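Overview (structure and organization)
Each chain, written out:
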Amino acid sequence: MINDKVITPALTLRNVTKRFVGAAGRVTAVEDISLDVREGEFLVIVGPSGCGKSTLLSLLAGLEQTNEGSILLGEDPVRLPGRDRLVMFQQDALFPWLNVLENVLFGLRLKPGLTEEERLESARYYLSLVGLADKEKARPHELSGGMRQRVALARSLAPNPRVLLMDEPFSALDALTRDQLYGDIQQIFTKRKKTIILVTHNIREAVCLGDRVVLLSPHPGRIREVFDINLPRPRRINDPELASLAAKVTAALSSHINEGVNS
Amino acid sequence: MKLPRPVIPTLLAITFLGVWEWYVRTGHVNEVLVPSPSHIFKWFYESLINGELLSATWVTIRRLMIGFAIGAALGVPLGALCARVRWIRDTLGVLALGLQTLPSVCWVPLALLWFGQEESAVLFVVVMGTIWAVVIAVQESVLSVQPLYLRAGMTMGSQGWHLWSRVIFPAALPGIVSGMKQGWAFAWRSLMAAEIFVVILTGFGLGSLLHAGRELLRMDQVMGVMTVVVGVGLLADIIFFAPLERWLRCSRGLER
């Protein structure tokens, strides 16, 4: 059986703890998080605001450093930002002084060992993958919010990172655009076999996209429960089976929150 | 009926000049102190023909451009340094803030003693007029670059000089250009002050021409030169800064 073989996970988190010193004193954002993310897995981290999920993603991206514990990418410790872990942010973070194609090329140009032609080809390939091949000369402000997020997706995929990190990239979009993007992401995920970690507060979205859903509870952010989602892809957000699974996760979440209030 | 936009300003200007001309000719005012528009225009024409005006304008504009270029070339890296390094911001940054409020004509005595009545003295005054405004503008606009752009750039592997030249600087550019425009205005004022205040032996600029007009009691010359000074400032804005700012804003969707 394949499972008997020892496979190095794409990302390993061991007892990760992060504290901040803010105006309100010392705050523990995430505490003692241990998690293996498999190669080619779509992992979703879900939880209410204040559960430290965005902090966790910043730690994975290397934009923040852990206080305790370690994060390994393959076998290398994560300390600084790097091309192997690209991030899609809540706002698209496209550079307004570059056009769509140049935005996608930005990360590619930082990747050594490619000719300019290969970079162009790759940028155009990913733009067509997100359905924006005809918009390469447009400036970000000329596009709708959904299109901009698609460009951001192409920009993060183009340098072919080992892990794609998504920080609530759909939360600022309208429902219709969002549903469309869920479809796109799943299609790309199936096609490109990427390891993706998505952070969100939207439980339906989590169940729709994730192979596994990790539920975090707030103050401090800890892992409460992990759900395996075995629904066939492509999944549709309105699927009744998906909705009932989402209800289960929601119930688990609210029981944890009530527990916290009563104690 | 909708008139083309330049019609009303033109009509008003003609009326204004007409009334002025008529009033001076009625003899109610001393023509030596208040020359008529036709007198000013006559001076304008004559000094254009004999080359005096053009050569003075060129001397002044050359000083302005060189001084401004030096001031901006020094101000941009210094401003970036202020934004990047805390202790430089706390020292040079604060100094720049203070010196920016110092009227640049205050530099003239110092410049004369250090450099003499020469080109370098004027340039020094112009540089001092420009540099602090540019330093402050660059510092402020670099500090207010959205952190999101930095995070995005860094996760894509940009760092050090690449991050500065490809993310921070382009993001800060609109603010930097506004600062340059302000620096330009300060440079222009300080140059005029210097040229009127002292005789610069190495060149006869617009300020000197204006000053000479006063000494010769030629008010037509004084007012004519003032018109040119206003014109140069206006042209710099219309030809250079306004289109640049507009382009920057439009291409980023901040303006239509």
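Right, let's walk through the structure included here. (Residues numbered from 1 in each chain as written. Chains lettered and ligands numbered in written order. Predicted model: local features only at pLDDT ≥ 70, side-chain atom pairs only at ≥ 80, totals over all residues. Heavy atoms only, no water.)

1. What about the overall build of chain B?
- Within chain B, the secondary structure is distributed over 10 helices and zero strands.
- Counting helices and strands in the order they occur from the N terminus, chain B gives α-α-α-α-α-α-α-α-α-α.
- Computed over the C-alpha atoms, the radius of gyration of chain B is 23 Å, more than 25% above the 18 Å expected from 2.2 N^0.38 for a compact globule of 256 residues.
- Once the C-alpha set of chain B is aligned to its principal axes, its extents read approximately 75 × 60 × 30 Å.
- Taking all 256 residues of chain B together, the buried fraction comes to 43%.
- Across chain B, every contact between residues at least 6 apart in sequence was considered, and the portion connecting residues at least 24 apart equals 69%.
- In chain B, 19 positive and 14 negative side-chain charges are present, and the distance between their average locations comes to 14 Å. (Helix = DSSP H or I, 4+ residues; strand = E, 2+ residues; numbered from the N terminus. Rg over C-alpha atoms; globule rule 2.2 N^0.38 Å. Buried < 20%, exposed > 50% of the residue type's maximum accessible area, 1.4 Å probe, protein only. Contact = heavy atoms within 4.5 Å. Lys, Arg positive; Asp, Glu negative; His and termini not counted. Charge placed at Lys NZ, Arg CZ, Asp CG, Glu CD.)

2. Topic: the side chain of A:R85
- Summarising the element assignment, A:R85 is placed in strand β6 (residues 85–88).
- Each residue touching A:R85, except ones within four places of it in the same chain, is listed here: A:L60, A:A61, A:G62, A:L73, A:V78, A:L80, A:P161, A:V163, A:L165 and B:T155.

3. Here we look at the sheet that holds strand β9 (residues 212–217) of chain A
Residues and elements named next belong to chain A.
- Pairing is mixed across the open sheet formed by six strands, whose spatial order is β6-β7-β8-β3-β9-β10. Single-partner strands in this sheet number two, and they are β6 and β10 (222–228). For this sheet, the mean angle separating the axes of adjacent strands, direction not counted, is 20°.
- Inspection of the sheet shows β9 paired to β10 by six bridges, in the antiparallel sense. In the strand pairing of β10, R212 is matched with D228. (Pairing = 2+ DSSP bridges. Axes fitted to C-alpha atoms, helices over the stretch in contact; angles between N-to-C directions.)

4. Let's talk about the environment of A:N160
Residue and element names in this part refer to chain A.
- Its place among the elements puts N160 in the loop between α4 (145–157) and β7 (163–167).
- For N160 and R83, which are 77 residues apart along the polypeptide, the C-alpha to C-alpha distance reads 8.5 Å.
- At 2.5 Å, the side chain of N160 and the side chain of K194 are in polar contact. (Polar contact = N/O pair within 3.5 Å; in protein donor to acceptor, adjacent residues only side chain to side chain.)

5. Quick look at unusual backbone geometry
- A cis geometry characterises the amide bond from A:R233 onward to A:P234, with omega recorded as -5°.
- Locating A:P234 in the fold gives a position in the loop between β10 and α7 (240–262).
- Despite not being glycine, A:N160 shows a phi value in the positive range, around 55°.
- You can call A:N160 partly exposed: its relative accessible area is 41%.
- For B:L217, which is not a glycine, the phi torsion comes out positive at approximately 55°.

6. Notes on a nonpolar patch on the surface
- Together, B:V230, B:L234, B:L235, B:I238, B:I239 and B:F240 give the surface a local cluster of nonpolar side chains, amounting to about 630 Å² of exposed area.
- You can see B:L234 is positioned in helix α10 (residues 219–251). (Patch = residues over 30% accessible without salt bridge, like charges linked within 9 Å, V, L, I, M, F, W, Y side chains within 5 Å. Areas by Shrake-Rupley, 256 points an atom, 1.4 Å probe, with all protein chains shown as cover. Salt bridge = Lys/Arg side-chain N within 4 Å of Asp/Glu carboxyl O.)

7. Quick word on the state of the cysteines
All names here are of chain A.
- Enumeration according to the criterion identifies zero disulfides over all chains in this entry.
- Between C51, a cysteine without a disulfide, and C208, which holds the nearest cysteine sulfur, the sulfur-to-sulfur distance is 20 Å.
- On the accessibility criterion, C51 (0% relative accessible area) is buried.
- Residue classification places C208 among the buried residues on the basis of a relative accessible area of 0%. (Disulfide = S-S within 2.5 Å.)

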